[in-house]
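# Observations on chain architecture
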Amino acid sequence: MSDLNISTPKELGNLIAGKSDADINAAVDSMGVDSALDKVFDGMTKAFLADKAKGQSAVIQWDIKTPSDSKTYQVNVVEGKGTFTKGAPQKARVTLSAALPDFLRVITGQLAGRQAFFSGKLKLSGDMMFAMTQENWFDKTMG
């Protein structure tokens, strides 16, 4: 797990499957947290399913807790396209917060968003109904 040479959610999922939080944190740290997360969010925009988000526009914010600090990314969905930015330049429709390992498990489909929320591993603020819908806007099995 020392190289983040992955390009699909499926490859990322295979990489973290069965790993402990400590193993995932250590591996991401060894890759460089910022470059690893940039790659993950780039993959999310490639896995965006425009037909599932037809007619919708939204800013989805992720606050990700790493062992050393917190990272914020926004996925902006406009006119059938998904892009990402670091930081929080826009008002988010929903903000999702999770520790790095749980974030990776949720986006790869290894941990259901609802299960993560009800077990306290995923916190959200903003439009809760939208939060449940937007999870289906991304192909977690691509690849």
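These lines cover the structure that appears in this document, whether it is placed above or below. In this convention, every chain numbers its residues from 1, walking through the sequence in written order. Note on the predicted model: pLDDT of at least 70 is required for a residue's local features to be given, and 80 or more for side-chain atom pairs to be given and counted; whole-chain, interface and lining totals, by contrast, use all residues. Side-chain descriptors were evaluated using all non-hydrogen atoms of the structure, hydrogens and water having been removed beforehand.

Soluble globular proteins tend to pack their nonpolar side chains together in the buried interior. Buried residues of nine kinds, namely Ala, Val, Leu, Ile, Met, Phe, Trp, Tyr and Cys, make up a nonpolar core once their side-chain atoms join them within 4.5 Å. A simple rule labels every residue: compare its accessible area, found with a 1.4 Å probe on the protein chains alone, to the largest value its type can have, and call it buried under 20%, exposed over 50%, or partly exposed in between. If you look at the biggest cluster of nonpolar residues, it comprises 36 residues, and the most contacted ones within it are Phe41, Ile60, Trp62, Phe103, Leu104 and Trp137. Elements with a minimum of two residues in this core: α1 (9-16), α2 (21-31), α3 (33-46), β1 (58-65), β2 (70-78), β4 (94-99), α4 (100-107) and α6 (128-134). Among the elements that take part in this core, α3 stands out by supplying six residues, more than any other. When checking whether two residues touch, look at their non-hydrogen atoms; a contact exists if any pair is within 4.5 Å. In contact with Leu104, other than residues within four places in its own chain, are Leu12, Ile16, Ile24, Val28 and Val40. Helical segments are the DSSP runs of H or I of at least four residues, strand segments are the runs of E of at least two, and each set is numbered from the N terminus.

Each pair of aromatic rings is reported with the distance of its centres and the angle of its planes. For this analysis, a ring pair means two rings from Phe, Tyr or Trp (six-membered ring only for Trp) whose centres lie within 6.5 Å, classed as stacked if their planes differ by under 30 degrees, edge-to-face if by over 60, and tilted for the remaining angles. By the definition in use, this model includes nine aromatic pairs. When the ring of Phe41 is compared with that of Tyr73, the centres are 4.3 Å apart and the planes differ by 5 degrees; the resulting orientation is stacked. Here the residue Phe41 occupies a position in helix α3, and Tyr73 occupies one in strand β2, the gap between them amounting to 32 residues. This pair shows no difference in class: Phe41 is buried, exactly as Tyr73 is. Where Phe41 meets Phe84, the ring centres are 6.1 Å apart and the plane angle is 35 degrees; that geometry is what we call tilted.

Moving on, we come to the pattern of salt bridges. Salt-bridge detection follows one rule: a side-chain nitrogen of Lys or Arg within 4 Å of a carboxyl oxygen of Asp or Glu. Tallied over the full model, the rule gives seven salt bridges. Asp34 is the partner of Lys71 in a salt bridge, and the nearest nitrogen-oxygen pair spans 3.1 Å. Of this pair, Lys71 sits in strand β2 while Asp34 sits in helix α3, placing them 37 residues apart in sequence. On the accessibility criterion, Asp34 (34% relative accessible area) is partly exposed. Two residues, Arg105 and Asp102, come together in a salt bridge whose shortest N-O distance is 3.2 Å.

Remark: α2 packs on α3, axes separated minimally by 6 Å, with the N-to-C direction vectors making an angle of 100 degrees. The angle between α2 and α3 falls in the class roughly perpendicular. The residues of α3 that touch α2, namely those facing Val28, Asp29 and Met31, are Val33, Ser35 and Ala36. Gly is placed with the polar residues, together with every amino acid not listed as nonpolar (Ala, Val, Leu, Ile, Met, Phe, Trp, Tyr, Cys and Pro) or charged (Asp, Glu, Lys and Arg). Within the contact of α2 with α3, the residues separate by chemical class into four nonpolar, one polar and one charged. The axes used here are C-alpha line fits, helices contributing only the stretch in contact, and every angle between their N-to-C directions lies in the interval 0 to 180 degrees. With respect to orientation, any angle under 35 degrees is reported as roughly parallel, any angle over 145 as roughly antiparallel, any angle of 65 to 115 as roughly perpendicular, and every other angle as oblique.

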